[in-house]
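Here is what each chain is made of, one letter per residue.
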Amino acid sequence: MTAVIETKNLSKWYGNVLGLSDVSLEIESGITGLLGPNGAGKSTFMKLVTGQMKPNIGRVSIDGQDVWNNFRLFSRIGFCPEQDAFYADVTGWEFLTGLLRLSGYSGADAADRASRTLKIVELSEDKDRKIRSYSRGMRQRVKFAQAVAHDPDIIILDEPLSGLDPLGKRRLIRLVKDFQSEGKTIIVSSHVLPEIEAMTSRIVMIHQGKILAQGDIHSIRDLIESYPHMISLKCGDPRAVAARFVSDTSILKMSFGPDGRSLVVETHKRDAFFNRLQAVVLETAIEVEEITSPDDNLQAVFDYLVVK
Amino acid sequence: MNPNINPGGPSLWMSFRRVFALFCFLGRKTGKSRVFLLLGLIPVAIAVVVRIVMAGRSEDVVAVFNEILMVFYVTFEIVILSLFYGTSIVAEETEGRTLSYLTTRPLAKTGIFLGKYAAYVTLMVLMVSASLFFSFFIMNGHRFREPALYLMFLRYAGALGLGIAAYTALFAFLGTFLKRAILIGLLFGFGWENVVQYFPGSTQRLSLVHYMKSLMPRRAAGGPLSILLFRLEPSKPAVAVLILTVIAAAFLGLACWLFRTKEYLYEE
């Protein structure tokens, strides 16, 4: 696949503060999660990609065209900012139709699109209420609506799930995935790891303005060889299983869960362990209820990389 | 994407029109506009009172109107309106953190700035003209049949409009690069602009209000407000119009250039 968004040696600083340092990325269509703690440089990256800032060094391009001051590209971009900010005293409907008109839609088209988008984000019934009377979750949704209402093929979402309740988060995640299935290029940032994990496995980890890692979360996890894989096994007799692995040199550590029914194994050779486990299960006829990888998630990978 | 949208993006003119329409709408809804609309009622109320109190003394009434024109409209209302609307063109977007809604749209930055400037100038001109209309015709009601009266109104409204355009351009320029533009604007609008009128020589030509007053009716010296009168001969009206136009265009050009090239960061 060809890259839709490309950054080369992208650097940005604010006075003496480094915002982003030497970031080279190729982002293809689909969802890319931008993950990092607050102040990591996620918003700076998004502002550079959306042409709100000019890089100090390097370049950012969309389909080969530089973004900075290239406003003709912006009809292809939908941006949902992090900040909870709106024009004073406008209703959801006025806000959305006003911004659609800015994108070049006629009054009738803007009304039609606003109506459809408000329905998608489930705000149709509240469209005539002032935004300042909306709950935080509703404001997040109307902000999301303005980013997608003009049907952009690149959607940049800066912390879109912030302030949403669990149900709202699930709905928005579903919406983002729906847009992905339409072939759009979506960048979503978050500092909450499970949120990103729920949307995509393709991630860019950013910390102190630098890219720590990028790619598939599971592949990244595999690359971290200095850290063992953690595998949790839930079965009726975990001690019997553990006994079979005591002499196995690929096992670094074994411990039992507090419930007495689970065994947590740390190993560098995950595939070898699973092959051996299969044999053990067949030999002992122990019924395995659940196998999970507690550290095969973004939090663990992020912690490992930052410590590294 | 909508196939009806020009894939090449909008022209400067289209950007201007879209932003102008949005901010004509948004500008009307702000609390600031309501306050300034009420402010415009002050001279109307004064006009009503003067007409009642000075009934039958038409020359005195006209003289009072001229004082209102010079003191309220020229040296106060258009300055305060321009100051608040002009500096807010950029400041309200950065302080309200709404700038990204504009700058991530397919709009030329120059079009964004000019569109918002034009929308706010239009709102101010409408507010001032409405106030001027009522106060002018209430106080000059006895001259309804004179065609010259209507020309005079148009001249005053036009001069105030030009003043608004020039002051707003200046304050908008300050707002593009100063964080506390409103304070600097206050010092300029109500400090320098007033004080310089009483400097000897031609220093007063370094103020906008000098050219505004040059377009207003001449007043006789003396009376309680004589301190507000010219110490020097006013500039010729054509020169005043030209200079106000040049000032508006120059500051607008500078402001557009700054807005196009400068990055605006939201304060944490």
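Whatever comes next refers back to the structure up there.
Below is a short write-up of the structure. Note that this is a predicted model, so its numbers are computed, not measured. (Residues numbered from 1 in each chain as written. Chains lettered and ligands numbered in written order. Predicted model: local features only at pLDDT ≥ 70, side-chain atom pairs only at ≥ 80, totals over all residues.)

### Quick notes on the interface of chain B and chain A
For step 1, the next point in the chain: Across the contact, 28 residues belong to chain B and 31 residues belong to chain A.
For step 2, the next point in the chain: Elements with a contribution of two residues or more to the side of chain B that touches chain A: α1 (12-29) and α5 (99-103) of chain B.
For step 3, the next point in the chain: Among the elements that take part in the side of chain B that touches chain A, α1 of chain B stands out by supplying 7 residues, more than any other.
For step 4, the next point in the chain: Looking at side-chain class alone, the side of chain B that touches chain A contains 14 nonpolar, 9 polar and 5 charged residues. (Contact = placed C-beta atoms within 7 Å. Helix = DSSP H or I, 4+ residues; strand = E, 2+ residues; numbered from the N terminus. Nonpolar A, V, L, I, M, F, W, Y, C, P; charged D, E, K, R; others polar.)

### With respect to the sheet that holds strand β12 (residues 251-256) of chain A
Residues and elements named next belong to chain A.
For step 1, the next point in the chain: Pairing within the open sheet is antiparallel, and its 4 strands lie in the order β12-β13-β11-β14. A strand with exactly one partner marks an edge of an open sheet, and here the two such strands are β12 and β14 (288-292). The sheet shows a mean angle of 20 degrees between the axes of neighbouring strands, taken without regard to direction.
For step 2, the next point in the chain: Two elements, strand β11 (residues 229-235) and strand β13 (residues 262-267), share 6 bridges in a ladder whose sense is antiparallel. When the bridges of β13 are listed, H229 appears paired with T267. (Pairing = 2+ DSSP bridges. Axes fitted to C-alpha atoms, helices over the stretch in contact; angles between N-to-C directions.)

### What to know about the packing of helix α2 (residues 92-102) of chain A against helix α3 (residues 107-120) of chain A
All names here are of chain A.
For step 1, the next point in the chain: At a minimum axis distance of 9 Å, the contact between α2 and α3 shows a crossing angle of 130 degrees. On the basis of their axis angle, the class for α2 and α3 is oblique. Crossing angle aside, the handedness with which α2 passes α3 is right-handed. Of the residues in α3, those in contact with G92, W93, L96, T97, L100 and R101 of α2 are A110, A111, R113, A114, T117 and L118.
For step 2, the next point in the chain: The residue makeup of the contact of α2 with α3, split by class, is 7 nonpolar, 3 polar and 2 charged. (Parallel < 35°, antiparallel > 145°, perpendicular 65-115°, else oblique. Left-handed = near helix turned anticlockwise from the far one by under 90°.)

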